[in-house]
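What follows is the residue order along each chain.
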Amino acid sequence: VSRQDWMYEVLDSFDAIVRCISQSARLQVECDIVSLRIAQIRGEVKFSNFKAVMLSTLRSLFPEEWGPPYEEAWNWLWSTVERLLRKELKKPRARERLLGRFLGSMEEELADKIREQVYDRFFELAPAGQEYFKQSATRLNYIADRGMELSHDLYKDPCGTVDEITALGLRHVGYSVPVELFEPFVEGWRQVLVELTSDADLVDAFHWSFRLLAQLLVRTIQQGATLVMRAISTNSGPQVRKALSYAPRKKRSLWVLNVTVGSHSISPLLVSIESGNMKAAKAMLQDLMVIRADRARYYYGLNDLFKRHPDMVEILTQTAPELLPTILDGMIWRSRTTVAGRRRVNYYLKHLLVDEEGHFATAMSSVVKLSDPNLAVHPVLETLCDILWTDLVHWRFLRSKLRLLLTTVIFLLGQSVLHHLDGSKANRIATFACRVLIYLYFMVGLIYDRSRHVYQAIKKRHLTAIGGIRVPRKWVEDWQESVSLILTVLLVVMFYMEPVIYCLQSDAGSLTENCDQAKSLQEPYQILSMMAILLQFSLIIDVATISTRLSSWVLLAGHVLPEFVMTCLACAFLILSFSCSVSASSENPEDFDNIVGSMMSFFKLAVSMYPASSFIALEDSILVLFITSCFRLIVIFFLMKLLIAQLTCEYRRIYRLMMGHARLRRMWRICEAMESIHPSRFSKFVEKLRLDDPLDFSEGDHGVSGGIQVWEAANLHPTNVETVKRLGGDPKHPFPLEEELQTEADKCRKVFHLFQKQMKLATKGASVASSMGHTTGLSNSVSTLQSSRSYV
């Protein structure tokens with residue numbers, strides 16, 4: 001038996017064969033697939049061996065229950081399966097060779113005829129098919145070519161082809177393609193091949209495999225066309241909720257997240273998002289995020305959602321960002337009751353914080369990439385950000401900035417303070433020591449950080465092209481990284497131009513920067529030093545991230561800065577224009593006798609630095625006085641007023657979003673810091689949060705796990721609505737249909753059942769009253785019936 005490899009092929013499909021034994025068409029498809037798989041294996045096939053082995057196995061597994069009825073049932077089952085397998089067992093190899101030679105030698109002219117005629121014939125057989133084949137001619141040709149390839153691949157690799165067809169059929173579920181169109185489509189192919197070829201065996205080989213492909217597609221579509229999938233095609237939220245009302249309570253979330261056919265499964269939620277049915281997707285997300293409860297347990301689809309789609313936040317940021325507030329709102333539960341002026345609030349943010357493997361989740365980085373300031377101030381993201389910042393990132397960030405502040409102080413002492421004091425030996429030694437620290441500590445640290453960033457960018461392929469040169473993407477996206485790179489280059493150049501080093505190599509050999517060897521380097525060194533100090537102070541701006549309010553102001557200033565730059569460029573253009581214009585005259589005052597002097601004078605006029613005494617000289621030249629007056633009117637009364645108006649409008653527009661931008665900035669810093677935090681430390685942080693402990697909804701009411709609980713002021717988010725839907729009834733039955741989803745027929749049916757119930761009570765009350773001589777029970781039943789009639 002161990003050498004009979006074909007038995008394993010039958011055994012792999014045996015479960016599917018037994019399940020569909022009562023469905024002849026389905027059984028034929030399963031047996032055809034098994035015959036294709038057996039045809040791939042060399043060796044003799046004896047079905048009697050499998051029958052004997054399986055029979056002995058069944059007898060050993062069920063020794064007490066096994067008897068003649070089971071024996072008869074097994075013999076009937078296997079004889080049916082064996083007959084279907086023998087029918088096609090020896091044909092697949094010959095069909096594969098015949099179809100492979102035809103497709104391999106088929107000329108392009110014949111292929112064009114097949115592509116053109118097959119759709120014409122299909123539309124003749126099924127005119128309704130034109131409504132589903134609206135693609136371009138090139139797309140239809142691709143479908144035809146792919147159909148011929150799959151018909152041959154089914155012979156060569158039946159397992160892989162069946163999986164591919166199953167996945168294709170599940171995608172067609174969302175397209176709402178009628179399964180009645182597949183049969184005329186296959187028939188159209190057969191008729192075209194009969195007309196264009198004279199080989200009956202070739203037509204049989206293609207038609208058999210192509211028909212089997214169509215049957216697999218039909219089976220997949222029929223099994224995958226659930227109530228939810230049909231409701232998705234309508235893109236209607238009420239229809240989706242109505243379809244979900246029939247789901248068992250424990251499987252309600254699975255109806256939204258998983259449809260399985262064979263070895264493949266799709267997510268109706270993902271299908272809805274990818275197909276653009278956002279109303280249906282929103283309804284499914286809202287249903288998943290509702291907390292329901294009965295006397296047995298709580299039902300919350302959040303865990304099932306992220307178990308099925310761990311990257312759901314990333315998917316939504318890329319394809320449907322408008323659905324992100326829906327999923328985030330569902331992660332919040334607020335109590336409608338207050339205790340001592342405070343309200344109990346649960347934030348179910350576990351899946352935004354940690355993934356299934358215990359690592360930091362990618363949800364926050366996806367939100368940062370989206371760059372939506374309105375989303376960044378959502379309470380769930382704010383709470384998550386504050387927890388990470390306070391417990392993990394805050395002190396780490398402060399330590400890095402304290403190092404920057406310390407090096408800035410040393411930089412100032414060595415470059416801007418000590419050399420202005422007396423030239424004593426102690427000052428010279430202190431200056432040299434400060435510069436040594438800058439070069440050996442700060443410069444070397446910058447070089448190491450830049451090298452590490454380059455290595456990580458190359459390793460993770462985070463590169464971008466600038467002028468044909470691939471550089472780390474961080475150099476382009478992060479302005480601080482660009483500034484740090486420029487500062488590193490400046491410090492390296494300053495180190496090679498250091499005057500003190502040149503003076504030490506001179507004959508005097510003293511710690512000074514005033515020597516003949518360094519005289520030519522002092523001016524460029526001082527210019528580089530000024531630039532380095534400016535860059536150093538620009539890096540300190542990032543310290544504002546400690547406070548969201550301060551950070552929001554810095555970001556606000558950065559957003560309005562482009563308007564100021566544009567005004568400065570306009571002013572520079574006007575200065576150049578008027579300077580060239582004035583220089584065209586030969587009789588000008590001394591301040592306007594050339595272009596360079598005119599530009600300096602117009603610049604002083606623009607910034608109100610032109611001396612009042614110089615205006616007297618302009619009275620001798622009416623033309624120059626007129627031009628300068630026009631310049632002042634344009635710059636001061638037009639450009640400056642325009643700048644003020646632009647800044648005001650821009651400030652009002654951005655002010656509402658500045659806290660969101662500050663939150664995004666902090667999230668970006670958190671994501672950057674989490675890359676260097678050790679996994680063990682992060683694991684201890686997650687354990688400290690105790691995310692797996694159930695959160696209370698009230699005293700003694702232990703609810704759903706996966707979050708943290710906080711107490712907030714009762715007046716922040718007042719509510720009197722209980723967001724947990726507590727429902728009665730048998731936990732084994734579906735949840736009752738929501739009131740807003742009930743149609744007139746549902747309401748009439750409900751009233752009819754109520755009427756029948758009250759009639760039984762009335763009949764019972766009348767019999768009791770007649771036997772006891774009292775009419776109390778009857779009158780109560782009659783009054784109940786009257787109330788039911790008024791409800792109708």
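Residues numbered from 1 in each chain as written. Predicted model: local features only at pLDDT ≥ 70, side-chain atom pairs only at ≥ 80, totals over all residues. Heavy atoms only, no water.

1. As for the overall build of the protein
Part 1: In terms of regular secondary structure, the protein is built from 35 helices and 12 strands.
Part 2: Once the C-alpha set of the protein is aligned to its principal axes, its extents read approximately 120 × 95 × 60 Å.
Part 3: Per-residue burial for the protein yields a buried fraction of 43% across its 792 residues.
Part 4: The long-range fraction of contacts in the protein, counting pairs at least 24 apart against all pairs at least 6 apart in sequence, stands at 71%.
Part 5: The centroid of the 90 positive side-chain charges in the protein is displaced by 7 Å from the centroid of its 85 negative side-chain charges. (Helix = DSSP H or I, 4+ residues; strand = E, 2+ residues; numbered from the N terminus. Buried < 20%, exposed > 50% of the residue type's maximum accessible area, 1.4 Å probe, protein only. Contact = heavy atoms within 4.5 Å. Lys, Arg positive; Asp, Glu negative; His and termini not counted. Charge placed at Lys NZ, Arg CZ, Asp CG, Glu CD.)

2. Overview of the environment of Thr 488
Part 1: As for its position among the elements, Thr 488 is in helix H25 (residues 479-496).
Part 2: The exposure class of Thr 488 is buried, given its relative accessible area of 7%.
Part 3: In this structure, the C-alpha to C-alpha distance between Thr 488 and Phe 442, residues 46 residues apart in sequence, is 9.1 Å.
Part 4: Discounting residues that sit within four places of it in the chain, Thr 488 has contacts with Leu 446, Ile 447 and Arg 450.

3. A few points about the nonpolar core
Part 1: Within the largest apolar cluster, 125 residues are counted, with the highest numbers of intra-cluster contacts made by Leu 269, Leu 305, Ile 327 and Leu 352.
Part 2: With 13 residues, helix H10 (residues 200-224) is the largest single contributor of residues to this core.
Part 3: Here Leu 352 is in contact with Phe 306, Val 313, Leu 328, Met 331, Ala 361, Ala 363, Val 380, Leu 381 and Leu 384, once residues within four sequence places are set aside.
Part 4: Met 7, Leu 55, Trp 66 and Trp 74 belong to the second largest nonpolar core, which has 25 residues in total. (Core = buried A, V, L, I, M, F, W, Y, C linked by side-chain atoms within 4.5 Å.)

4. Looking at the state of the cysteines
Simply put, the disulfide is a covalent bond whose two ends are the sulfur atoms of two cysteines.
Part 1: Within this structure, the stated rule accounts for 0 disulfides.
Part 2: Unpaired in this structure, Cys 434 has its nearest cysteine sulfur neighbour in Cys 503, at a distance of 17 Å. (Disulfide = S-S within 2.5 Å.)

5. Focus: empty space enclosed by the protein
Part 1: Overall, the coordinates contain 1 cavity of 30 Å³ or more when judged by the stated rule.
Part 2: In this structure, the largest cavity occupies an estimated 40 Å³ of space.
Part 3: Broken down by secondary-structure element, the contributors of at least two residues to the lining of the largest cavity are helix H18 (324-329) and helix H20 (363-370).
Part 4: The residue makeup of the lining of the largest cavity, split by class, is 8 nonpolar, no polar and no charged. (1 Å grid on protein atoms, 1.4 Å probe; cavity = no way out; pocket = protein on both sides within 12 Å on 5 of 7 lines; lining within 4 Å. Points joined across faces, edges and corners; volume = space filled by probe spheres on them. Nonpolar A, V, L, I, M, F, W, Y, C, P; charged D, E, K, R; others polar.)

6. Notes on the packing of helix H23 (residues 425-460) against H25
Part 1: Put simply, H23 and H25 touch, their axes get as near as 10 Å, and they point 135° apart. The angle between the axes of H23 and H25 places the two elements in the oblique class. Considering how the two elements wind past one another, H23 and H25 form a crossing that is left-handed. Contacts from Ile 438, Tyr 439, Phe 442, Met 443, Leu 446, Ile 447, Arg 450 and His 453 of H23 reach H25 at Glu 481, Ser 484, Leu 485, Leu 487, Thr 488, Leu 491, Val 492, Met 494 and Phe 495.
Part 2: A per-class count over the contact of H23 with H25 returns 12 nonpolar, 3 polar and 2 charged. (Axes fitted to C-alpha atoms, helices over the stretch in contact; angles between N-to-C directions. Parallel < 35°, antiparallel > 145°, perpendicular 65-115°, else oblique. Left-handed = near helix turned anticlockwise from the far one by under 90°.)

7. Some points on a positive patch on the surface
Part 1: On the surface, Lys 369, Arg 461, Arg 470 and Arg 473 cluster together into a patch of positive charge.
Part 2: Along the chain, Arg 470 turns up in strand S8 (residues 469-472).
Part 3: Owing to a relative accessible area of 56%, Arg 470 belongs among the exposed residues under this scheme. (Patch = residues over 30% accessible without salt bridge, like charges linked within 9 Å, V, L, I, M, F, W, Y side chains within 5 Å. Areas by Shrake-Rupley, 256 points an atom, 1.4 Å probe, with all protein chains shown as cover. Salt bridge = Lys/Arg side-chain N within 4 Å of Asp/Glu carboxyl O.)

8. Points about the packing of aromatic side chains
Part 1: Evaluated as defined, the whole model comprises 35 aromatic pairs.
Part 2: Considering the side-chain rings of Phe 592 and Phe 602, the 5.4 Å spacing of their centres and the 70° angle between planes classify their relative orientation as edge-to-face. Here Phe 602 lies in helix H29 (residues 595-606) and Phe 592 lies in the loop between helix H28 (548-583) and H29, a separation of 10 residues in the sequence. A single burial state applies to Phe 592 and to Phe 602, both of which are buried.
Part 3: One aromatic cluster is present, built from ring pairs that chain together Tyr 119, Phe 122, Phe 123, Phe 133, Phe 185, Trp 189, Phe 206 and Phe 210.
Part 4: Stacked on the ring of Trp 389, the Lys or Arg Arg 666 has its end atom at 4.4 Å from the ring centre. (Phe/Tyr/Trp six-rings, centres within 6.5 Å; stacked < 30°, edge-to-face > 60°. Lys NZ or Arg CZ within 6 Å of the ring centre and 35° of its normal.)

9. Focus on the pattern of salt bridges
Part 1: Within this structure, the stated rule accounts for 36 salt bridges.
Part 2: Among the salt bridges present, the one from Arg 37 reaches Glu 9, with a minimum N-O distance of 2.7 Å. Of this pair, Arg 37 sits in helix H2 (residues 24-39) while Glu 9 sits in helix H1 (residues 5-19), and the two are 28 residues apart along the sequence.
Part 3: Notably, a salt bridge pairs Asp 15 with Arg 19, separated by 2.9 Å at the nearest N-O pair. Note that Asp 15 and Arg 19 are positioned in helix H1 at a spacing of 4 residues, about one turn of the helix.
Part 4: Judged by relative accessible area, Asp 15 falls into the partly exposed class, the value being 47%.
Part 5: Arg 19 gets classed as exposed once you look at its relative accessible area, which sits at 63%.

10. Thoughts on the sheet that holds strand S3 (residues 292-293)
Part 1: With respect to topology, 3 strands assemble into an open sheet ordered S4-S3-S12, the strand pairing being mixed. The sheet is open, and its two edges are formed by strand S4 (298-299) and strand S12 (725-726), each paired on a single side.
Part 2: Where S3 lies against S4, 2 bridges are found, and the strand directions are antiparallel. Of the residues in S4, the one forming a bridge with Ala 293 is Tyr 298. (Pairing = 2+ DSSP bridges.)

11. Some details on the layout of surface pockets
Part 1: In this structure, the second largest pocket spans a volume of roughly 840 Å³.
Part 2: Taken together, 27 residues make up the lining of the second largest pocket; nearest its centre are Phe 133, Ile 143, Leu 168, His 172 and Leu 217.
Part 3: The dominant element in the lining of the second largest pocket, judged by the number of residues it contributes, is helix H7 (residues 137-156), at 7 residues.
Part 4: Per-class residue counts for the lining of the second largest pocket are 20 nonpolar, 3 polar and 4 charged.

12. So, the sheet that holds strand S5 (residues 332-339)
Part 1: Ordered in space as S5-S6-S11, the 3 strands form an open sheet in which the pairing is antiparallel. Looking at the sheet topology across the chains shown, the edges are occupied by S5 and strand S11 (708-713). Ignoring strand direction, the axes of neighbouring strands in this sheet form an average angle of 25°.
Part 2: Strand direction decides the pairing type here: strand S6 (residues 342-347) and S11, joined by 6 bridges, are antiparallel. Among the inter-strand pairings, Arg 343 is bridged to a residue of S11, identified as Glu 712.

13. So, the pairing of S8
Part 1: Note: strand S7 (residues 463-466) against S8, 4 bridges, orientation antiparallel. Looking at the pairing, Ile 466 lines up with Ile 469 of S8.
Part 2: Hairpin geometry of S7 and S8 is characterised by an intervening segment of 2 residues between the two adjacent antiparallel strands and by a positive phi of about 60° at Gly 467.

14. Side note on the packing of helix H5 (residues 92-105) against H10
The angle between the axes and the distance between the axes are what describe a pair of packed helices.
Part 1: Contact geometry for H5 and H10: axes closest at 9 Å, N-to-C directions at 105°. Between H5 and H10, the interaxial angle falls into the category roughly perpendicular. Of the residues in H10, those in contact with Arg 95, Leu 98, Leu 99 and Phe 102 of H5 are Asp 201, Leu 202, Asp 204, Ala 205, Phe 206, Trp 208 and Ser 209.
Part 2: In terms of residue class, the contact of H5 with H10 is made up of 7 nonpolar, 1 polar and 3 charged.

15. A closer look at H25
Part 1: An ideal rise of 1.5 Å per residue puts 26 Å on 18 residues; H25 measures up with 26 Å between its terminal C-alpha atoms.
Part 2: In this structure, the buried residues of H25 make contact with helix H22 (379-417), H23, helix H24 (473-477), helix H27 (522-540) and helix H32 (658-674).
Part 3: The N-cap residue of H25 is Asp 478: its side-chain oxygen and the backbone nitrogen of Gln 480 are 3.2 Å apart. (Expected span 1.5 Å × (residues − 1). Polar contact = N/O pair within 3.5 Å; in protein donor to acceptor, adjacent residues only side chain to side chain.)

16. So, the environment of Met 284
Part 1: Positionally, Met 284 belongs in helix H15 (residues 278-288).
Part 2: With relative accessibility at 0%, the residue Met 284 sits in the buried group.
Part 3: Along the backbone, Met 284 and Val 177 are 107 residues apart, and their C-alpha atoms lie at a distance of 23 Å.
Part 4: For Met 284, the residues in contact, after removing those within four places along its chain, are Val 228, Ile 232, Val 240, Val 256, Pro 268, Leu 269 and Ser 272.

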